[in-house]
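Here's the letter readout for the chains.
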Amino acid sequence: MFRSRWKALGWSLGVLLTAYCTVPVADQARKHEDAKVAAAHAAHKSPWSKDR
């Protein structure tokens, strides 16, 4: 598949670097999702709720 081991190593390093740079950290992803859910709940107002 590859003409040399070095080219195969370079290709695999590129794949690993791409995966490392594109996958978010679990804590950051959870914070982002929590903020998105909180914003959606804050912006939502039921048309049938009583104004007080």
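Residues numbered from 1 in each chain as written. Predicted model: local features only at pLDDT ≥ 70, side-chain atom pairs only at ≥ 80, totals over all residues. Heavy atoms only, no water.

*Asks:* Would you take a moment to explain helix α1 (residues 5-22) for this structure?
*Replies:* One turn of an α-helix holds 3.6 residues; hence residues three or four places apart share an orientation. Taking 1.5 Å per residue, 18 residues should reach 26 Å; α1 reaches 26 Å between its end C-alpha atoms and fits that length. Burial analysis of α1 places just 0 of its 18 residues in the buried class, a small minority of the element. (Helix = DSSP H or I, 4+ residues; strand = E, 2+ residues; numbered from the N terminus. Expected span 1.5 Å × (residues − 1). Buried < 20%, exposed > 50% of the residue type's maximum accessible area, 1.4 Å probe, protein only.)

*Asks:* What am I meant to see in the packing of aromatic side chains here?
*Replies:* Centre-to-centre distance and the angle between the planes together describe a pair of aromatic rings. According to the stated counting rule, one finds 1 aromatic pair in the structure shown. Measuring from centroid to centroid gives 5.7 Å for F2 and W11, while their planes differ by 45 degrees, and the two rings are tilted. For F2, a relative accessible area of 36% puts it in the partly exposed group. (Phe/Tyr/Trp six-rings, centres within 6.5 Å; stacked < 30°, edge-to-face > 60°.)

*Asks:* So what exactly am I meant to see when it comes to a nonpolar patch on the surface here?
*Replies:* Taken together, the side chains of M1, F2, W11 and V15 make up a nonpolar region of the molecular surface, amounting to roughly 520 Å² of accessible area. Note that V15 resides in helix α1. We classify V15 as partly exposed; its relative accessible area is 40%. (Patch = residues over 30% accessible without salt bridge, like charges linked within 9 Å, V, L, I, M, F, W, Y side chains within 5 Å. Areas by Shrake-Rupley, 256 points an atom, 1.4 Å probe, with all protein chains shown as cover. Salt bridge = Lys/Arg side-chain N within 4 Å of Asp/Glu carboxyl O.)

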